[in-house]
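# Fold and contact review
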Amino acid sequence: MNARIVNMLEAIKGGTYIIYTDYLENTDIDAICQWFHPIISGDRYEIEKVISLMYELYLRENIDFYPYEEYMQIVSYLSTQYNFNKDDFLDLYSAFRKLVFGG
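These lines cover the structure that appears in this document, whether it is placed above or below. (Residues numbered from 1 in each chain as written. Predicted model: local features only at pLDDT ≥ 70, side-chain atom pairs only at ≥ 80, totals over all residues. Heavy atoms only, no water.)

The next subject is unusual backbone geometry. With a phi close to 55 degrees, Asn83 is a non-glycine residue in the positive phi region. Within the element layout of this structure, Asn83 appears in the loop between α4 (68-82) and α5 (89-101). (Helix = DSSP H or I, 4+ residues; strand = E, 2+ residues; numbered from the N terminus.)

Here the focus is the packing of helix α2 (residues 26-35) against α5. Where α2 contacts α5, the axes come no closer than 10 Å and their chain directions differ by 165 degrees. As summarised for this structure, α2 and α5 are arranged roughly antiparallel, according to the angle between their axes. Regarding α2 and α5, the two cross each other, and that crossing is right-handed. Residues Ala31, Ile32 and Trp35 of α2 touch α5, and the partners they reach there are Leu92, Ala95, Phe96 and Leu99. For the contact of α2 with α5, the per-class residue count stands at seven nonpolar, no polar and no charged. (Axes fitted to C-alpha atoms, helices over the stretch in contact; angles between N-to-C directions. Parallel < 35°, antiparallel > 145°, perpendicular 65-115°, else oblique. Left-handed = near helix turned anticlockwise from the far one by under 90°. Contact = heavy atoms within 4.5 Å. Nonpolar A, V, L, I, M, F, W, Y, C, P; charged D, E, K, R; others polar.)

What follows deals with the pattern of salt bridges. Inspection of the entire model under this criterion finds three salt bridges. Taking the shortest distance from any N to any O, the salt bridge between Asp28 and Arg4 comes out at 2.5 Å. Linking Asp28 in helix α2 with Arg4 in helix α1 (residues 3-14), this pair joins segments that are 24 residues apart in sequence. Overall, the relative accessible area of 2% leaves Asp28 in the buried class. A relative accessible area of 31% means that Arg4 is categorised as partly exposed. Here the salt bridges do not stand alone but share partners, grouping Arg4, Glu25 and Asp28 into one network. (Salt bridge = Lys/Arg side-chain N within 4 Å of Asp/Glu carboxyl O. Buried < 20%, exposed > 50% of the residue type's maximum accessible area, 1.4 Å probe, protein only.)

Now the structure itself:
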């Protein structure tokens, strides 16, 4: 488990989050950029957008067990909101789980 990423996501959940640099090291930021490189170019806004997606996925950590209709609604919403192909969602989600929880 990446404790720094989890601490950051928990801070977002608890309403105490201000900026990712308070929680993450450069290696974490590099790993996040590699995880979702299509919308990363290095500026704060885009990294914050990816962190927002990570938070959405963190809140729905068992999305792969949701009923099909609910799963598809969420995937459609996320793919539109964060500009990725919904057919890539399972790979994206699997890589997210590895990044945050290991394994």
